[in-house]
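So the chains spell out like this:
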Amino acid sequence: SIQIGIENRRLKLVVSDNGKGFDVKTADGGNGLGNMKRRAAALQGKIDIVSKENTGTTISLNAPLTV
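The structure contained in this document is the topic of the report that follows. Since the structure is predicted, the reported quantities are computational estimates derived from the model, not experimental observations.

### Comments concerning the sheet that holds strand S1 (residues 2–7)
So, step 1. Read from one edge of the open sheet, four strands run S1-S2-S4-S3, paired in antiparallel fashion. This sheet does not close on itself; its edge strands, each paired only once, are S1 and strand S3 (46–52). Neighbour-to-neighbour, the strand axes of the sheet open up by a mean angle of 10 degrees, direction not taken into account.
So, step 2. In terms of strand pairing, S1 meets strand S2 (residues 10–17) through six bridges, oriented antiparallel. From the neighbouring strand, Ile4 faces S2, where its bridge partner is Leu13.
So, step 3. On top of the sheet, helix H1 (residues 32–42) reaches S3 and strand S4 (56–64); it is set at about 155 degrees to S3, its chief contact.

Given below as structure tokens:
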């Protein structure tokens, strides 16, 4: 599922699935998660990644809107 909204001049984006999931602590060996974190920081935003094996994954981005 994908949820997009604006609250207090901030973009809120949540992407989640009910797939296989993964261990976030051991999965950062490639460019994917690290790249998402760097891009969120470049936007002066925050990204949260929550995942459990056999349960799914939720990625939440909260970033300021610019004029």
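### Quick notes on a nonpolar patch on the surface
So, step 1. A cluster of nonpolar residues, Ile2, Ile4 and Val15, forms a patch on the protein surface that exposes about 310 Å² of accessible area.
So, step 2. Take Ile2: it is sitting in strand S1.

### Topic: the nonpolar core
So, step 1. Grouped together as the largest cluster of nonpolar side chains are six residues: Leu33, Ala40, Ile47, Ile49, Leu61 and Ala63.
So, step 2. Here Ile49 is in contact with Phe22, Val24, Leu33, Met36, Lys37, Thr57, Thr58 and Ile59, once residues within four sequence places are set aside.

### What about unusual backbone geometry?
When glycine is set aside, most residues are seen to have a negative phi, and most peptide bonds are trans.
So, step 1. Backbone geometry places Gln44, a non-glycine residue, at a positive phi of 60 degrees.
So, step 2. The residue Gln44 is located in the loop between H1 and S3 in this model.
So, step 3. Accessibility expressed as a relative area gives 64% for Gln44, which makes it exposed.
So, step 4. With phi around 65 degrees, Asn54 is a residue other than glycine that occupies positive phi space.
So, step 5. Its place among the elements puts Asn54 in the loop between S3 and S4.

### Looking at the pattern of salt bridges
So, step 1. In total, this model carries two salt bridges according to the counting rule given.
So, step 2. Put simply, Glu7 and Lys12 hold a salt bridge, and the shortest N to O gap is 3.7 Å.
So, step 3. Here Asp48 makes a salt bridge to Lys46, at a shortest N to O gap of 3.7 Å.

### As for the environment of Thr66
So, step 1. With respect to the helices and strands, the residue Thr66 is situated in the segment after S4.
So, step 2. Taking the relative accessible area as the measure of exposure, Thr66 reaches 75% and is therefore exposed.
So, step 3. When the C-alpha atoms of Thr66 and Arg9 are compared, they prove to be 8.3 Å apart, with 57 residues separating the residues in sequence.

How each quantity is defined
- Residues numbered from 1 in each chain as written.
- Predicted model: local features only at pLDDT ≥ 70, side-chain atom pairs only at ≥ 80, totals over all residues.
- Heavy atoms only, no water.
- Pairing = 2+ DSSP bridges.
- Helix = DSSP H or I, 4+ residues; strand = E, 2+ residues; numbered from the N terminus.
- Axes fitted to C-alpha atoms, helices over the stretch in contact; angles between N-to-C directions.
- Contact = heavy atoms within 4.5 Å.
- Patch = residues over 30% accessible without salt bridge, like charges linked within 9 Å, V, L, I, M, F, W, Y side chains within 5 Å.
- Areas by Shrake-Rupley, 256 points an atom, 1.4 Å probe, with all protein chains shown as cover.
- Salt bridge = Lys/Arg side-chain N within 4 Å of Asp/Glu carboxyl O.
- Core = buried A, V, L, I, M, F, W, Y, C linked by side-chain atoms within 4.5 Å.
- Buried < 20%, exposed > 50% of the residue type's maximum accessible area, 1.4 Å probe, protein only.

Fair warning: the whole summary comes from geometry, so function is off the table for now.
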